[in-house]
Amino acid sequence: MEAMINTVKGWQENPVKFARSHGVSLSSETEATDSEDKRTHILIVEGFLIYNNKPLIDIYDKCFYISIPYEECKQRRSTRTYTVPDPPGLFDGHVWPMYLKHRKEMESNCEAIEYLDGMTPKDDIYNKAFESIQNSLLNNL
């Protein structure tokens, strides 16, 4: 987590320089405005424990959490192919209980989470998140 925090902070200091140093190609438009610092840069931090670390939570401007119910989660996991297959009972005995534990911890640590329904189509989830980010950007101008 410390490495992730340092990485995010490095990006915050200079997103264009950070992108270049990590081999991310930038559009000529972004390159041209680099010195003017007029562009809006967005970094997406993704992971299942990203809201369980207070120093990391303090960095975020927006927090989204996509949730699905137990049955859907169990069904989706059962369709995955792992190099070493899950032993019988792993989902009910470990995966789901740990999910509940970490979600409870997350909810007590991070008040600004916007919950998104993982049962809705991906485009709808994207549009809700995009609209929320866009509204935040417009309100902070």
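Residues numbered from 1 in each chain as written. Predicted model: local features only at pLDDT ≥ 70, side-chain atom pairs only at ≥ 80, totals over all residues. Heavy atoms only, no water.

**Considerations on the layout of surface pockets**
In step 1: Its boundaries defined by the atoms lining it, the largest pocket holds a volume of some 1900 Å³.
In step 2: In terms of lining residues, the largest pocket is bounded by 48 residues, among which V45, E46, I50, Y51 and F64 are the most central.
In step 3: Listing elements by their share of the lining of the largest pocket, those giving two or more residues are α1 (2-13), β1 (63-67), α5 (70-78), α6 (90-109) and α7 (122-139). (1 Å grid on protein atoms, 1.4 Å probe; cavity = no way out; pocket = protein on both sides within 12 Å on 5 of 7 lines; lining within 4 Å. Points joined across faces, edges and corners; volume = space filled by probe spheres on them. Helix = DSSP H or I, 4+ residues; strand = E, 2+ residues; numbered from the N terminus.)

**Describing α6**
In step 1: Here α6 contains 20 residues, and its C-alpha end-to-end distance of 27 Å stays within 8% of the 28 Å for a straight helix at 1.5 Å per residue.
In step 2: Every buried residue of α6 is listed here: F91, V95, W96 and M106.
In step 3: Tucked inside the fold, the buried residues of α6 contact β1, α5 and β2 (113-117). (Expected span 1.5 Å × (residues − 1). Buried < 20%, exposed > 50% of the residue type's maximum accessible area, 1.4 Å probe, protein only. Contact = heavy atoms within 4.5 Å.)

**Description of the environment of Y51**
In step 1: Mapped onto the secondary structure, Y51 falls in the loop between α3 (28-33) and α4 (54-57).
In step 2: Put simply, Y51 and H102 are 51 residues apart on the chain and 8.9 Å apart in space, counted from C-alpha to C-alpha.
In step 3: The contact partners of Y51, leaving out residues within four places of it in the chain, are I57, Y60, C63, F64, Y65, M106, N109, C110 and I113.
In step 4: Among the polar contacts listed, one links the side chain of Y51 to the backbone oxygen of F64, at a separation of 2.8 Å. (Polar contact = N/O pair within 3.5 Å; in protein donor to acceptor, adjacent residues only side chain to side chain.)

**Points about the pattern of salt bridges**
In step 1: Going through the model one piece at a time under the given rule, you end up with six salt bridges.
In step 2: One salt bridge connects D86 with R77, and the closest N-O pair in it is separated by 2.8 Å.
In step 3: Overall, R77 belongs to the buried group, its relative accessible area being 19%. (Salt bridge = Lys/Arg side-chain N within 4 Å of Asp/Glu carboxyl O.)

**Section: the nonpolar core**
In step 1: Ranked by size, the top nonpolar core spans 13 residues in total, and within it Y51, Y60, C63, C110 and I113 carry the most contacts.
In step 2: Counting residues per element, the ones that place at least two in this core are α1, α4 and β1.
In step 3: Residue contacts for C110: discarding those within four places in its chain leaves Y51, I57 and C63. (Core = buried A, V, L, I, M, F, W, Y, C linked by side-chain atoms within 4.5 Å.)

**Looking at the side chain of S132**
In step 1: Within the secondary structure, S132 sits in helix α7.
In step 2: For S132, a relative accessible area of 12% puts it in the buried group.
In step 3: A polar atom in the side chain of S132 sits 2.8 Å from the side chain of E114.
In step 4: Setting aside anything within four residues of it in sequence, one finds S132 in contact with K62, F64 and E114.

**Regarding the environment of R39**
In step 1: The residue R39 is located in the loop between α3 and α4 in this model.
In step 2: Here the alpha-carbon distance between R39 and P15, two residues 24 residues apart in the chain, equals 10.0 Å.

**Thoughts on α7**
In step 1: Between its first and last C-alpha atoms α7 spans 26 Å; for 18 residues at 1.5 Å apiece the expected length is 26 Å, and the two agree.
In step 2: Buried residues belonging to α7 abut β1 and β2.

**A few points about the packing of aromatic side chains**
In step 1: Counted by the stated rule, this structure contains seven aromatic pairs.
In step 2: A centroid spacing of 5.8 Å and a plane angle of 70° characterise the contact between Y65 and Y115, whose relative ring orientation is edge-to-face. Highlighted residues: Y65 in strand β1 and Y115 in strand β2, separated in sequence by 50 residues.
In step 3: Residue class for Y65 comes out buried when judged on its relative accessible area of 13%.
In step 4: Ring centres of Y126 and F130 lie 5.9 Å apart, and the angle between their planes is 15°; on these two criteria the pair is classed as stacked. Here Y126 and its partner F130 are both found in helix α7, four residues apart, which amounts to about one turn of the helix.
In step 5: Connected via pairs of aromatic rings, a cluster forms that spans Y70, F91, W96 and Y99. (Phe/Tyr/Trp six-rings, centres within 6.5 Å; stacked < 30°, edge-to-face > 60°.)

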